[in-house]
Amino acid sequence: MKIWLNDGLQDLTTASVSVFDHGLTVGDGIFETVKSVEGRPFALTRHLDRLARSARGLGLPEPDLDEVRAACAAVLEVNPMPLGRLRITYTGGLSPLGSDRGDQGPTLIVALGEVRRRPDTTAVITVPWTRNERGALTGLKTTSYAENVVALARAHEQDASEALFANTVGQLCEGTGSNVFVVLDGEIHTPPVASGCLAGITRALAVDWTGARETDLPLDVLDRADEVFLTSTLRDVQAVHRIDGRELPGAPGPVTAKAMRVFGERAADDLDP
């Protein structure tokens, strides 16, 4: 296995990043997860655009997207696999201890791991912690992910694969690594970006391809939604069959099943939509 580190390919076993890298010491970094299918990345242009937006939002130097694209191509070429998780990480680089950044420039890492296709349905839970829709990092895909680690561990304890958050005003927001959609009276709804959720790449495509509406939704909409599904890079569109103790029999329901089918067909037609 080889990864890209800063300016070239390196063996996974010998590649190293300083223990003073700001991404390690204070979580000062951003990342993107890109699905690869038979060595080809999906929606890479959208992911790179969001990487640049996150860098600007965090005050990091603008990444050289041509370099990042070349790094992705190199890693995919030397690590062939049918279905992969391509991870782009971009951090504040070598810095003094504390919140101040150093002047050595950012660190770029591109790595690839093999994954299996997700099941068609999954279970989720809700958690008591909230997303801050007005926070400094809201809408940025940063490496400050410990909150998600804690919530996802809670989900796994309850035989679920995802945990869903409300925001500070009690509106449905997002999962630890996914966006959430609900079906009400045959219509698909998803929280707007103003709720504090990440502007997911798969979310945006699902909205475009299914006609979903962006709607402010109370968290308890999950108690009455006819159908619920998640979207993310590696889930694509995935139906939910249980929320906390509530079963949704027959998942995926007809609206979700159509969304899954449409997404699969459109994604197969264009790998960089």
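Each value, and the rule that gives it
- Residues numbered from 1 in each chain as written.
- Predicted model: local features only at pLDDT ≥ 70, side-chain atom pairs only at ≥ 80, totals over all residues.
- Heavy atoms only, no water.
- Patch = residues over 30% accessible without salt bridge, like charges linked within 9 Å, V, L, I, M, F, W, Y side chains within 5 Å.
- Areas by Shrake-Rupley, 256 points an atom, 1.4 Å probe, with all protein chains shown as cover.
- Salt bridge = Lys/Arg side-chain N within 4 Å of Asp/Glu carboxyl O.
- Helix = DSSP H or I, 4+ residues; strand = E, 2+ residues; numbered from the N terminus.
- Axes fitted to C-alpha atoms, helices over the stretch in contact; angles between N-to-C directions.
- Parallel < 35°, antiparallel > 145°, perpendicular 65-115°, else oblique.
- Left-handed = near helix turned anticlockwise from the far one by under 90°.
- Contact = heavy atoms within 4.5 Å.
- Nonpolar A, V, L, I, M, F, W, Y, C, P; charged D, E, K, R; others polar.
- Pairing = 2+ DSSP bridges.
- Buried < 20%, exposed > 50% of the residue type's maximum accessible area, 1.4 Å probe, protein only.

> How would you explain a nonpolar patch on the surface if you had to name every residue and give the values?
On the surface, Val 19, Phe 20, Leu 24, Leu 94 and Leu 97 cluster together into a nonpolar patch covering about 520 Å² of accessible area. Looking at the secondary structure, you find Leu 94 in the loop between strand S5 (83–91) and strand S6 (107–114).

> Got a sec to walk through the packing of helix H2 (residues 44–58) against helix H5 (residues 201–210)? Specific residues and values, please.
Relative to each other, H2 and H5 sit at 125°, their axes nearing to 10 Å. The orientation of H2 with respect to H5, classified from their angle, is oblique. Here H2 runs over H5; the crossing is right-handed. Of the residues in H5, those touching H2 at Arg 46, His 47 and Arg 50 are Ile 201, Ala 204, Leu 205 and Asp 208. Residue composition of the contact of H2 with H5, grouped by class: 3 nonpolar, 1 polar and 3 charged.

> How would you sum up the side chain of Ser 95? Please name residues and give values.
Along the polypeptide, Ser 95 turns up in the loop between S5 and S6. What Ser 95 contacts, discounting residues up to four positions off in sequence, is Phe 20, His 22, Asp 100, Arg 101 and Gly 102.

> Describe the pairing of strand S2 (residues 8–11), naming the residues involved and giving the relevant values.
Two elements, strand S1 (residues 2–5) and S2, share 4 bridges in a ladder whose sense is antiparallel. Within S2, the residue paired with Trp 4 across the bridge is Leu 9. The turn linking S1 back onto S2 is made up of 2 residues, and Asn 6 within it adopts a positive phi angle of 65°.

> Tell me about the pattern of salt bridges, residues and numbers included.
For the coordinates displayed, the defined rule picks out 11 salt bridges. Here Lys 2 and Asp 11 are joined by a salt bridge, their closest N and O atoms 2.5 Å apart. By relative accessible area, Lys 2 is classed as partly exposed at 32%. We note a salt bridge from Glu 174 to Arg 131, for which the minimum N-O separation is 2.7 Å. Here Glu 174, found in strand S9 (residues 172–175), pairs with Arg 131, found in strand S7 (residues 121–131); they are 43 residues apart in sequence, far enough to count as distant.

> Pulling in residues and values, what's your account of the sheet that holds S1?
The strand order across the open sheet built from 6 strands is S2-S1-S6-S5-S3-S4, with neighbouring strands paired in antiparallel fashion. Each having just a single partner strand, S2 and strand S4 (40–41) make up the two edges of the open sheet. The sheet contact formed by S1 and S6 spans 2 bridges and is antiparallel. Opposite Leu 5, over in S6, you have Ile 109 as the bridge partner. Most of the contacts of H2 go to strand S3 (residues 29–37), to which it runs at about 175°, and overall it touches S3, S4 and S5. Running over the sheet, helix H3 (residues 65–78) touches S1, S2, S3, S4, S5 and S6 and is turned about 30° from S6.

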